[in-house]
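These are the residues of each chain, in order.
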Amino acid sequence: MRLKLVAVGRRMPSWVEAGVEDYRRRFSGGCTLEIVPVEAAPRRKTTDLGRAKAEEGARLLKAAEGCHKIALDIRGRPWSTEELAERLDHWIRHGTDTALIIGGADGLDPATLAACPEHWSLGPLTLPHPLVRLIVSEQLYRAWSLRQGHPYHRGAP
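Residues numbered from 1 in each chain as written. Predicted model: local features only at pLDDT ≥ 70, side-chain atom pairs only at ≥ 80, totals over all residues. Heavy atoms only, no water.

Taking 1.5 Å of rise per residue, 13 residues should cover 18 Å, and helix α1 (residues 14-26) covers 19 Å from first to last C-alpha, within 8% of that figure. Considered for burial, the residues of α1 that qualify are Val16, Gly19, Val20 and Tyr23. Angular distribution of buried residues about the axis of α1 spans 95°; they occupy a single face of the element. Along α1, the residues that are exposed and aim more than 90 degrees away from the buried face are Ser14 and Arg25. Where the residues of α1 are buried, they touch β2 (32-38) and α5 (129-148). (Helix = DSSP H or I, 4+ residues; strand = E, 2+ residues; numbered from the N terminus. Expected span 1.5 Å × (residues − 1). Buried < 20%, exposed > 50% of the residue type's maximum accessible area, 1.4 Å probe, protein only. Arc of directions from axis to C-beta. Contact = heavy atoms within 4.5 Å.)

Along the chain, Ser121 falls in strand β5 (residues 118-121). For Ser121, the side chain forms a polar contact with the main-chain oxygen of Ile74, separated by 3.3 Å. Within the structure, Ser121 has its side chain in polar contact with the backbone nitrogen of Gly123 (distance 3.0 Å). Setting aside residues no more than four positions away along its own chain, Ser121 makes contact with Asp73, Ile74, Gly76, Arg77, Pro78 and Trp79. (Polar contact = N/O pair within 3.5 Å; in protein donor to acceptor, adjacent residues only side chain to side chain.)

On to the nonpolar core, then. If you look at the biggest cluster of nonpolar residues, it comprises 29 residues, and the most contacted ones within it are Leu3, Phe27, Trp91, Leu100, Trp120, Val136 and Leu140. At the level of elements, β1 (2-8), α1, β3 (68-78), α3 (81-94), β4 (98-102) and α5 are the ones that each hand at least two residues to this core. Broken down by element, this core gets its largest block of residues, seven residues, from α5. Once residues within four sequence positions are removed from consideration, Phe27 is found in contact with Leu3, Thr32, Leu33, Leu140, Tyr141 and Trp144. Ranked by size, the runner-up nonpolar core spans 14 residues in total, among them Val6, Leu60, Ala99 and Ile101. (Core = buried A, V, L, I, M, F, W, Y, C linked by side-chain atoms within 4.5 Å.)

Further remarks concern the sheet that holds β3. Reading across from one edge, β2-β1-β4-β3-β5 is the order of the five strands in this open sheet, with parallel pairing throughout. Strand pairing shows two members of the sheet lacking a second neighbour, β2 and β5, which therefore form its edges. The sheet shows a mean angle of 30° between the axes of neighbouring strands, direction not considered. Of the strands in this sheet, β1, β2, β3 and β4 touch helix α2 (residues 49-63), which is tilted by about 165° from β1. In this fold α5 packs onto β1, β2, β3, β4 and β5, with an angle of close to 170° to the strand it touches most, β1. (Pairing = 2+ DSSP bridges. Axes fitted to C-alpha atoms, helices over the stretch in contact; angles between N-to-C directions.)

If you walk through the whole model with that rule in mind, you get 15 salt bridges. Among the ionic pairs, Glu21 bridges to Arg24, the shortest N-O distance being 2.7 Å. Pair noted here: Glu21 and Arg24 are both in helix α1, with a separation of three residues, about one helical turn. A relative accessible area of 31% means that Glu21 is categorised as partly exposed. The class for Arg24 is partly exposed, based on a relative accessible area of 30%. Notably, a salt bridge pairs Arg77 with Glu83, separated by 3.0 Å at the nearest N-O pair. Take Glu83: its relative accessible area is 26%, and that puts it in the partly exposed class. Here the salt bridges share partners, and the residues they tie into one network are Arg2, Glu34 and Asp97. (Salt bridge = Lys/Arg side-chain N within 4 Å of Asp/Glu carboxyl O.)

Right under this line is the structure:
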């Protein structure tokens, strides 16, 4: 089963790339993490943000075709690590590749949100989207390791 992190933006700081790659390499046992960057819509002073977000949304959804789609959205439902591990187990049992969709600096457009049956919130903080890539990669690995009985996760009892 593939977990696809589909995210707006192609150029990330080297520390983000290195961190994401570190967690991506740790997956095994029939579960992989794939990073799928999509091009950001150009932004200028006169840019219609709604249109830019719609362009990005179309690219995100195209990259996530055939996958169960989960939008990263501040208005989504927060999951604990244990809940994420349960969700991961569910996705694996159903055998469908899963795409976690991360918008650009202006977020996701309504059509993209509507195309995603699940919305996950990392909390009420506004986080820069490069950092979200790293956080989501780590949390997916943590959930996977919990599911595998690996000692990486040492959460409170």
